[in-house]
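# Structure at a glance
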Amino acid sequence: MSNKIGLFAGSFDPVTKGHLDLIKRASQLLDQLYVGIFYNQNKAGFLPLARRQALLEAVVKGLPNVSVITSHDQLAVDVAKDVGASVLVRGLRNGQDLTYEASMDHFNHDLAPELETIYLLAKPGLSYVSSSRVRELTHFGADIRPYVPEPVALELEKKHDNK
């Protein structure tokens, strides 16, 4: 029997409690989960890639079957093939996410029919949490602790204090 390997890709800019919940739940379903930080070199991120990676590694350190990787200029399906994944993991918060993900799923299956996508629904208390809202709250100095893991809160508070 082969190991079930999955890839959960995103920008994680910054990682939220919603992301972390999905990572924990997916790690219970799979033998190995790669969390891929995907980025576009032409876009300025809120947090530099190295900080996103360090923060994500800090919040998943207690999950032995989770590894953090980074990628640029590659499609998620190609990275999945590179790491031996047979499953793409995606989170759904609402109907808008479902519409977006259905479109992505169409192309992913055309490009890599051997990959299956599993969708995990956000828990109700986390369904409105998004990186973009956290960035906005950080900009205005609002309390972000309810929405992000502690290492991320400390990093973002430091970033806000330095601006």
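Residues numbered from 1 in each chain as written. Predicted model: local features only at pLDDT ≥ 70, side-chain atom pairs only at ≥ 80, totals over all residues. Heavy atoms only, no water.

### Description of the overall build of the protein chain
Along the protein chain, the regular secondary structure elements total six helices and five strands. For the protein chain, the succession of helices and strands along the chain, N to C, is β-α-β-α-β-α-β-α-β-α-α. For 163 residues, the compact-globule formula gives about 15 Å, and the C-alpha radius of gyration of the protein chain, at 16 Å, lands near that figure. The principal-axis extent of the C-alpha atoms belonging to the protein chain is close to 50 × 35 × 30 Å. Partitioning the contacts of the protein chain with sequence separation of at least 6, the portion at a separation of at least 24 is 75%. As displayed, the protein chain offers around 9,100 Å² of accessible surface, 53% of which is attributable to carbon and sulfur atoms. (Helix = DSSP H or I, 4+ residues; strand = E, 2+ residues; numbered from the N terminus. Rg over C-alpha atoms; globule rule 2.2 N^0.38 Å. Contact = heavy atoms within 4.5 Å. Areas by Shrake-Rupley, 256 points an atom, 1.4 Å probe, with all protein chains shown as cover.)

### A word on the side chain of Glu101
As for its placement among the helices and strands, Glu101 is situated in helix H4 (residues 95-111). With residues near it in sequence (within four places) discarded, Glu101 still touches Arg90, Gly91, Leu92 and Tyr119.

### Concerning the pattern of salt bridges
Scanning the entire structure with this criterion turns up ten salt bridges. When the shortest N-O distance is used, the salt bridge between Arg51 and Glu155 registers 2.8 Å. Taken together, the residues Arg51 in helix H2 (residues 49-59) and Glu155 in helix H6 (residues 150-161) connect sequence positions 104 residues apart. Classification of Arg51 by relative accessible area gives partly exposed; the value is 32%. As a salt-bridge pair, Lys158 and Glu155 come within 3.7 Å of each other at their nearest N and O atoms. Linking Lys158 with Glu155, this pair stays in helix H6, spanning three residues, or about one helical turn. Glu155 sits in the buried class, given a relative accessible area of 11%. Connected through shared salt-bridge partners, Asp21, Arg25 and Lys123 make up one network. (Salt bridge = Lys/Arg side-chain N within 4 Å of Asp/Glu carboxyl O. Buried < 20%, exposed > 50% of the residue type's maximum accessible area, 1.4 Å probe, protein only.)

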